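# Close look at the chain arrangement
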2 protein chains.
Amino acid sequence: MNDVGIGLLGFGTVGAGVVEGLQRNADLISRRFGCRPVLRRICDLDLDSDRGVVVDRSIMTRDAQDVINDASVDIVVELIGGTGAARELTIAAMKAGKPVVTANKKLLAEYGQEIFRLAAEYNTDIFFGASVGGGIPVIRALRDGLSANQITGIRGILNGTCNYVLTRMEQAEMPFAEALAEAQKAGYAEADPTLDIDGWDTAHKVAILASLSYGFCVPLESIYVEGIRNLAATDILYARDLGYRIKLLGLVKCNGASVDIRVHPALVQHEHPLASVHGVYNAVMLTGDLTGDTLYYGQGAGRNPTAGTVLADIAEAARNIVSGSGGRSAALPGSDSAMPLSDINDIQSRYYLRLMLPDRAGVLATVASILGKHSVSLASVLQKEQYAAGCVPVVIVTHRNSEAGMNAALQEMAQTGLCDADGIVRLRIED
Amino acid sequence: MNDVGIGLLGFGTVGAGVVEGLQRNADLISRRFGCRPVLRRICDLDLDSDRGVVVDRSIMTRDAQDVINDASVDIVVELIGGTGAARELTIAAMKAGKPVVTANKKLLAEYGQEIFRLAAEYNTDIFFGASVGGGIPVIRALRDGLSANQITGIRGILNGTCNYVLTRMEQAEMPFAEALAEAQKAGYAEADPTLDIDGWDTAHKVAILASLSYGFCVPLESIYVEGIRNLAATDILYARDLGYRIKLLGLVKCNGASVDIRVHPALVQHEHPLASVHGVYNAVMLTGDLTGDTLYYGQGAGRNPTAGTVLADIAEAARNIVSGSGGRSAALPGSDSAMPLSDINDIQSRYYLRLMLPDRAGVLATVASILGKHSVSLASVLQKEQYAAGCVPVVIVTHRNSEAGMNAALQEMAQTGLCDADGIVRLRIED
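Residues numbered from 1 in each chain as written. Chains lettered and ligands numbered in written order. Predicted model: local features only at pLDDT ≥ 70, side-chain atom pairs only at ≥ 80, totals over all residues.

## Quick notes on the overall build of chain A
Condition: For the purposes of this entry, the term helix denotes a DSSP run of H or I that reaches at least four residues, the term strand denotes a run of E that reaches at least two, and both are numbered from the N terminus. Here the radius of gyration uses the C-alpha set of atoms, whereas the globule reference equals 2.2 Å times the residue count to the power 0.38. We call a residue exposed when 12 or fewer other C-beta atoms sit within 10 Å of its C-beta, buried when the count reaches 20 or more, and partly exposed for counts in between; the C-beta positions come from the backbone. The contact criterion used here is simple: two residues whose C-beta atoms, placed from the backbone, lie within 7 Å are in contact.
Within chain A, the regular secondary structure consists of 14 helices and 17 strands. For a compact globule of 431 residues, the expected C-alpha radius of gyration is about 22 Å, and chain A comes in at 24 Å, within 12% of that figure. For chain A, the spread of C-alpha atoms along the principal axes amounts to about 80 × 45 × 35 Å. Each of the 431 residues in chain A was classed as buried or not, and the buried ones make up 52%. For chain A, restricting intrachain contacts to residue pairs at least 6 apart in sequence, the fraction spanning at least 24 positions comes to 75%.

## Points about helix α11 (residues 233–241) of chain A
All names here are of chain A. Using the following cut-off: Directions pointing from the helix axis toward each C-beta atom define the arc.
The set of residues buried in α11 consists of D235, I236, Y238 and A239. Buried residues along α11 cover an arc of 165 degrees about the axis, so they all sit on one side. Tucked into the core, α11 has its buried residues touching α7 (160–171), β9 (244–254), β10 (259–269), β13 (348–358), β15 (391–398) and β17 (424–429). The positive-phi residue at the C-terminal boundary of α11 is G243, with phi of around 95 degrees.

## Here we look at the sheet that holds strand β6 (residues 126–127) of chain A
Residues and elements named next belong to chain A. The line we're drawing: Only strands that DSSP links by at least two bridges are regarded as paired with each other.
Spatially, β3-β2-β1-β4-β5-β6 is the arrangement adopted by the six strands of the open sheet, whose pairing is parallel. Each edge of the open sheet is held by one strand with a lone partner, namely β3 (60–61) and β6. Pairing analysis gives three bridges linking strand β4 (residues 75–78) to strand β5 (residues 100–102), with the strands arranged parallel. Pairing of V77 across the sheet is with V101, part of β5.

## Quick look at the sheet that holds strand β3 (residues 60–61) of chain B
Residues and elements named next belong to chain B. Spatial strand order, β3-β2-β1-β4-β5-β6: six strands in an open sheet with parallel pairing. Whereas interior strands pair on both sides, the edge strands pair on one side only; in this sheet they are β3 and β6 (126–127). Pairing between strand β5 (residues 100–102) and β6: two bridges, direction parallel. Of the residues in β6, the one forming a bridge with V101 is F127.

## Observations regarding the confidence of the model for chain A
As a reminder of what qualifies: For every residue, the predictor reports its confidence as pLDDT, a number between 0 and 100.
Model confidence for chain A is summarised by a mean pLDDT of 95, while 100% of its residues fall at 70 or above. The ipTM, which scores confidence in the relative placement of chains, is 0.96 for this predicted complex, and the corresponding pTM is 0.96.

## Digging into the interface of chain B and chain A
Counting from both sides, the interface comprises 52 residues of chain B and, opposite them, 52 residues of chain A. Breaking the side of chain B that touches chain A down by element, the ones donating at least two residues are α2 (26–33), α6 (138–145), β12 (292–299) and α12 (303–322) of chain B. At nine residues, α12(B) tops the list of elements feeding residues into the side of chain B that touches chain A. By the bridge criterion, three bridges tie strand β12 (residues 292–299) of chain A to β12(B) in an arrangement that is antiparallel. Following the sheet pairing, Y296(A) is matched in β12(B) by Y296(B).

## Side note on the relation of the copies chain B and chain A
The following threshold applies: When the copies are overlaid, the least-squares fit takes in C-alpha atoms only where the residue has pLDDT of at least 70 in both copies.
For the pair chain B and chain A, the best superposition has an RMSD of 0.0 Å and corresponds to a rotation of 180 degrees with a translation of 0.0 Å parallel to the axis. As the rotation angle and translation indicate, the two copies are arranged about a two-fold axis. Minimal C-alpha distance to the rotation axis in chain B is attained by Y296(B), lying at 2.4 Å.

## Some remarks on the pairing of strand β1 (residues 3–9) of chain A
Residue and element names in this part refer to chain A. Burial runs high along β1: six of the seven residues are buried. Across seven bridges, the pairing between β1 and strand β2 (residues 36–43) is parallel. Following the sheet pairing, L8 is matched in β2 by I42. Of the strand pairs in this sheet, β1 and β4 are connected by four bridges, and their pairing is parallel. Residue pairing across strands places L9 opposite E78, the latter belonging to β4.

## Thoughts on the pairing of strand β2 (residues 36–43) of chain B
Looking along a regular strand, one sees side chains alternate from face to face of the sheet. Sheet topology places β2(B) next to β3(B); two bridges connect them, and they run parallel. Across the sheet, the residue bridging to I42(B) is M60(B), located in β3(B).

## Thoughts on the domain arrangement of chain A
Residues and elements named next belong to chain A. Rule in force here: Start and end positions for the domains come from either an automated domain assignment or a database one.
Its domain assignment divides chain A into domain 1 (3–132 + 303–322), domain 2 (138–299) and domain 3 (344–429). For domain 1 versus domain 2, the separation of C-alpha centres amounts to 28 Å. Contact residues are listed per partner, giving twelve residues for domain 1 and 14 residues for domain 2. Sorting elements by how many residues they give to the side of domain 1 that touches domain 2 places helix α5 (residues 105–121) first, with seven residues.

## Digging into the packing of helix α13 (residues 363–373) of chain A against helix α14 (residues 403–416) of chain A
All names here are of chain A. Rules: To obtain an axis, a line is fitted to C-alpha atoms, over the contacting stretch when the element is a helix, and the angle between two such axes runs from 0 to 180 degrees between their N-to-C directions. Helix crossings get a hand from a simple test, with the near helix turned counterclockwise from the far one by less than a right angle marking a left-handed crossing and a clockwise turn marking a right-handed one. The nonpolar class holds Ala, Val, Leu, Ile, Met, Phe, Trp, Tyr, Cys and Pro. Asp, Glu, Lys and Arg form the charged class, and all remaining residues, Gly among them, are polar.
At their nearest, the axes of α13 and α14 sit 9 Å apart, and the two run at 145 degrees to each other. The way α13 lies across α14 gives a crossing that is right-handed. In contact with T366, V367, I370 and L371 of α13, α14 contributes A409, E412, M413 and T416. Residue classes in the contact of α13 with α14 are distributed as five nonpolar, two polar and one charged.

## Overview of unusual backbone geometry
The backbone of E173(A) sits at a positive phi, close to 50 degrees, despite the residue not being glycine. Although it is not a glycine, S375(B) sits at a positive phi angle of roughly 60 degrees. Structurally, the position occupied by S375(B) is in the loop between α13 (363–373) and β14 (378–383).

## Quick notes on the nonpolar core
Burial of nonpolar side chains together is a common tendency in soluble globular proteins. Here is the rule: Any nonpolar core is a set of buried residues, restricted to Ala, Val, Leu, Ile, Met, Phe, Trp, Tyr and Cys, that join up through C-beta atoms within 7 Å.
Among the nonpolar cores identified, the biggest contains 265 residues, and V77(A), V206(A), V77(B) and V206(B) are the most heavily contacted of them. For V206(A), the contacting residues outside a window of four places in its chain are I154(A), G156(A), L158(A), I223(A), G250(A), V252(A), I261(A) and V263(A).

## Some points on helix α2 (residues 26–33) of chain A
Residues and elements named next belong to chain A. All of the buried residues along α2 are I29, R32 and F33. Along α2, the residues classed as buried sweep out an arc of 90 degrees about the axis, all on the same side. Where α2 is buried, its residues touch α1 (13–24), β2 and α12 (303–322).

## Observations regarding the environment of L47(A)
Residue and element names in this part refer to chain A. As for its placement among the helices and strands, L47 is situated in the loop between β2 and β3. Residue class for L47 comes out exposed when judged on the 12 C-beta atoms lying within 10 Å of it. Separated by 192 residues in sequence, L47 and A239 place their C-alpha atoms 50 Å apart. Residues within four places of L47 in sequence aside, it is in contact with M60 and R62.

## Looking at the environment of V397(A)
Residue and element names in this part refer to chain A. Here V397 is to be found in strand β15. Placed 44 residues apart in sequence, V397 and L353 show a C-alpha to C-alpha distance of 6.4 Å. If near-sequence neighbours (up to four positions away) are discounted, V397 is found in contact with L242, R350, Y352, A379 and S380.

Spelled out as structure tokens, the structure:
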């Protein structure tokens, strides 16, 4: 059985998981991979910390070139993260003709075009299964399982921090700040949770999924991104009473001519499979023209789940080396041209509105008339008990309307002085 | 771009779906597959029926050898089903050095050993992604996504007919026979539904999943199989009140030393992701030592979903042809030896019991004392209202107990004459 040499760049949490996986499941991995993966070099600036795994000190180095240039290293595993050294070293490895396995969503989402072009140019492989969904093989499902499908939709709960916060806000009926603090205490949120909470982590992931689906690199800045920072527990509870759960979704919809990509909180019906994804779990629903809806669920982050996917990528790279078929499938299955991306103002959606209105006669009539004027048709209206002195919440669920019409209606409503912009909550419903 | 020739054996529902998929998504498929799959021959005994797709009559034949021996056919797609001609032709194609794509669960479950051995001997590929889960890429997840994991558990809703019947029994509170008749009318159940209803279809699928997980062919006859034919709507409703849904599950559990494989109805908590799988949908939860729980959900049958997976397998075979890497991964990733399979009597489980007891004093004490004698410890006991004259149902949920102890207790209970064997319902709870 062939040996295949592995070089690790970055010996942090996931790196230690990869090493432990290789050690723990060595026999099984060799049998399944059809070759024996041997850890040849590890690079990290910190050579001394205890990672809970035993490695031969002689294979460790602080110089990444030692890994890339080592003739016995066949596959380079990039687990540094970010887009500085990670990008340079990924490119250097590919130029050296070595396949790269990475879990780096930021690198792919921001520099995918360059990385994919170089992979094709140097006829080498880049695998990035763990960049989206951690332990969930959703990149694989998209690349392989649904390879004959036109992808018409993607709906993903792609950020465990946000999903944990939203789950706790509903279950414990606590405000956002309190749920976030709890997530931080439990190690489910970073000290600076901005990237997660404001939706950017989800945007990176959805950009990668959309790029793979349509064969062109989706520019991050063209994605509409709205996070969960401003969500009120009140709306989570009202939504629950209406039969919905609020989730931060990464959404992709394609009608064949243009692609609508966005990230925002959305109401999802209790019966929808995404509604039962709780806590730090992630799930992605992929819709294909042949296969229909398929859902993939699991741990979207964490040492061992992520390491499991990195190891599966190593297996694929190793098989290609052993069978001499590197680059057998394009990293980004090509397309002839980029499709136009929809503007958020052009979408159609159902909406949940909560308006904080003065408690006096005629107010609801004014609201209904403004909505009607902008062709916003209502599915249900519910006036709640007084919330604060003189102020009643009115919860409205609309039929399908245009975002532009809804914007115009809400703007006019704010202008009437009935309620200021702070008194208007608007959330999209994802059916 | 290379052409890769496809030969189809069997032009039924799924075959027509494959042809339609190839036609409809031709450009996309060529770009993604890295080659152009060209339909070269179709064999079927019926050359005349309208399948809703247009094919050149000149490529059709009644003689399967025309397909296998055609030099322009690079990949043989077996969609005949069964284990007669399908087995012979699959073997003939492999002996001719041609990779085979099949959706035939029966063939794999019954003749896997022979098929896998021949694939290795002739260094060719056999892909069978659509044999389990239809459109759900669960075989791929097991082979590729979780390739570095020890598989510790599999829990699958693998039969759409049964899941539809169970869903309707709960939702419409109807008896089994009525729900089955409805399923047949809707085209979700065969005229002879035995294989589905009695659990054998699920057993075939779970045998394939277990074989892939542990690297040896699981003999079908060693699987404990219990179907849903005798389920009473009463128990489905009692289970619902207790917070459970009853599902027909294919189960695999491995402790590293032995494997427990079985098919039976089981109570699943409402909060468990498998509980929200309704109607004809299928779902499989795969548990790996690194990745933890992952779930795969979608349409487990049907023309287009199944065709989508067959086409994905064709893509894999085609890439291997183009890159000259046929047989790059073993059809059955090998193991050194078969693991022993657990006997159903040796399992541990929680149980749901419904006992139809005479409505008189002291009866419950007798029951409790018999259960206690056999070390069956109770989690909850609920005596329901009179059901029929003089007869009250007592619903018991137990803690984890041995199947053997439970059997002994139920046998002793039947001997007391308190209730006959028909008056005892015992279902397993899957946590």
